[in-house]
Amino acid sequence: MPIAYDLPRLARKRPAPRAGIVHFGPGAFFRAFVAPYTQEAMDVAGGDWGIIAVALRNGQARDQLKPQGGSYTSVTLAPDGPKRQVIDAITDVLVAPENPSAVIEALADPAIRIVTLTITEKGYGHDPATGELNEGQPDIAHDLSHPDAPRSAPGYLVAGLARRRAAGLAPLSVISCDNLAGNGTILRAVVLGLARAHDPSLADWIAAHCTFPATMVDRITPAMPTAEAARMAHAAGLYDAAITHHEPFRQWVIEDQFAGGARPAWDGVGAQIVGDVAPFEAMKLRCLNGAHSALAYLGLAAGHQTVAEAVANPTLRGFITALWAHEVIPTLAPPEGAEPAAYCAALMTRFANPAVAHRLAQIAMDGSQKLGPRILTPMAVHLAQGRPTPHLALVVAAWMRHLSGPHLADPMADTLRARASDPTALMALSTIFPPALADDPRFASQITAAWDKINAHDLPGALA
Ligand code: CS2
């Protein structure tokens, strides 16, 4: 189907709110999650929480959103058919490389009180194994020597916060909405690390006044193929270049740590504002994202394209069920009232939703950044108690095999490809495998055994 340029374009119908949030990373997950929550919070409780969206790489989001006045459609893929909601929370879209100072000015606007980020795991410039600033990461290395013309989101935050401090403005709440374990702690560490490198007193001010609430974010949001966007446009008789689609489920758990208490009424529309996010986050990262990564590397090897297809394969489904029961759930200290077995059963239903075509290749991306919180952490928990984890080890081996295949997309792709057929050389990559783990012979032997198994058998044999 041709792209729907012949149709009228979606346009803003209600007046734009005043901005109170700057958001980095205006991609599909932001449009399916942060923006709808914020829109709904303003609808029920008011407040000036319009969002200035900042794209860090290119002008695509600007070209999609600005001709529509920032409005777009969020489509819920319910099993009984799609449901549309128009979101009007975005007030402007800035393209950072085209106009870096506009981004710094937005961050230094007195009306802005919150920054949210959906920049994916690799956007933080941290070392995944330690959570600290990775000074060798190219954008971070650049920002260390060009603090006034940054490239990374943490670099922009430091430049904007420097301006706020100099102008005597209120501090910000800076909220990571990415799937990192301890996302608030990591974001705080990289921002403070960058700030300290050129102005220790700025780092002290940020540490004392700004907050970095931890969050658990959850909504499955597949990338929308162009043909699908065109099909939806023709069905609606309206072209929306920024349309996004996602599953019905959503859950947002946010640590109650807001600078000056300023925030939208997100809790009025279902978000949970809690004292400790860690139990929610561990359960979600290890059960949902861990199973996702397992399905991605094993499912692609088995010839499947989507999550729904992969869990329809009884061998893979059985593998995931056993992984949860024996190797993931026993590592959890679940949030009060939560029942991990029921949580996992509900995940299986979400994965099987036939209306959501979530491509395994999308999930397989950036494994070097994802493996730690999803797979290696639960392995380490078992290892400390002397228990082997053959299922988790097999996922690591499947990831290793994926590295020599045609679909590798990863910020460490060159390094990974060069070591792809050598598990020992891969385990020596200390930004992925913390030395405490890689140097433990019980860990290394599990990985090599899984590697041998995955290479000696066809997939059902290896999974058996
Ligand atoms: C997925 C996540 O792409 C991935 O790595 O595991 O994006 C997942 O769909 C979300 O975290 C669900 O909340």
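Each value, and the rule that gives it
Residues numbered from 1 in each chain as written. Predicted model: local features only at pLDDT ≥ 70, side-chain atom pairs only at ≥ 80, totals over all residues. Heavy atoms only, no water. Salt bridge = Lys/Arg side-chain N within 4 Å of Asp/Glu carboxyl O. Buried < 20%, exposed > 50% of the residue type's maximum accessible area, 1.4 Å probe, protein only. Core = buried A, V, L, I, M, F, W, Y, C linked by side-chain atoms within 4.5 Å. Contact = heavy atoms within 4.5 Å. Domains from an automatic or database assignment. Buried area = accessible area lost by both parts, 1.4 Å probe. Polar contact = N/O pair within 3.5 Å; in protein donor to acceptor, adjacent residues only side chain to side chain. Helix = DSSP H or I, 4+ residues; strand = E, 2+ residues; numbered from the N terminus. Nonpolar A, V, L, I, M, F, W, Y, C, P; charged D, E, K, R; others polar. Near = heavy atom within 4 Å. Areas by Shrake-Rupley, 256 points an atom, 1.4 Å probe, with all protein chains shown as cover. Pairing = 2+ DSSP bridges. Axes fitted to C-alpha atoms, helices over the stretch in contact; angles between N-to-C directions. Left-handed = near helix turned anticlockwise from the far one by under 90°.

### Let's talk about the pattern of salt bridges
Applying the stated criterion to the full structure yields 18 salt bridges. D204 is the salt-bridge partner of R196, the closest N and O atoms lying 3.3 Å from each other. Overall, the relative accessible area of 44% leaves D204 in the partly exposed class. Connected via shared salt-bridge partners are R14, D43 and D88.

### Some points on the nonpolar core
Residues W324 and F433 are the most contacted members of the largest nonpolar core, which totals 72 residues. Sequence-distant contacts of W324, that is, excluding residues within four places in its chain, are made with C287, A291, I329, P330, C344, L347, M348 and F351.

### Observations regarding the domain arrangement of the protein chain
Annotation of the protein chain at the domain level lists domain 1 (19-274) and domain 2 (278-463). Once you take the C-alpha centre of each, domain 1 and domain 2 turn out to be 27 Å apart. If you look at the interface, domain 1 gives 29 residues, while domain 2 gives 26 residues. It is E121, K122 and I220 that lose the most area in domain 1 upon contact with domain 2, and together they represent 24% of the buried surface on that side. Here D366 and K122 are joined by a salt bridge, their closest N and O atoms 2.5 Å apart. Joining domain 1 to domain 2, the criterion identifies 11 residue pairs in polar contact (both at pLDDT 80 or more). Sorting the residues of the side of domain 1 that touches domain 2 by element identifies β3 (72-78), β8 (215-218), β10 (251-255) and β11 (272-274) as the ones contributing at least two each. Element by element, the count of residues in the side of domain 1 that touches domain 2 is highest for β8, at 4 residues. Taken together, the residues of the side of domain 1 that touches domain 2 sort by class into 16 nonpolar, 8 polar and 5 charged.

### Considering the site of the ligand
As a structural note, the neighbourhood of the ligand is formed by 13 residues, with N179, D218, K284, H292 and K370 the closest of them. At a separation of 2.9 Å, an oxygen atom of the ligand approaches a polar side-chain atom of R374. The fraction of the free accessible surface of the ligand (340 Å²) that becomes covered by protein chains is 88%. At the level of secondary structure, the elements contributing two or more residues to the shell around the ligand comprise β8, α10 (278-301) and α15 (367-384). The leading source of residues in the shell around the ligand is α10, at 4 residues.

### Thoughts on the sheet that holds β8
With mixed pairing, the 3 strands of this open sheet are ordered in space as β8-β10-β11. In this open sheet, the two strands that pair with only one neighbour each are β8 and β11. Across this sheet, the average inter-strand angle for adjacent strands is 15°, counted without regard to direction. Pairing between β10 and β11: 3 bridges, direction parallel. Directly across from I254, in β11, lies its bridge partner I273.

### Focus on the packing of helix α16 (residues 390-402) against helix α20 (residues 441-456)
Remark: α16 packs on α20, axes separated minimally by 8 Å, with the N-to-C direction vectors making an angle of 65°. Where α16 crosses over α20, the two elements pack in a sense that is right-handed. Residues P390, A393, L394, V396, A397, A398, M400 and R401 of α16 lie in contact with α20, whose contacting residues are Q446, I447, A450, W451, K453, I454 and N455. A class-by-class count of the residues in the contact of α16 with α20 yields 11 nonpolar, 2 polar and 2 charged.

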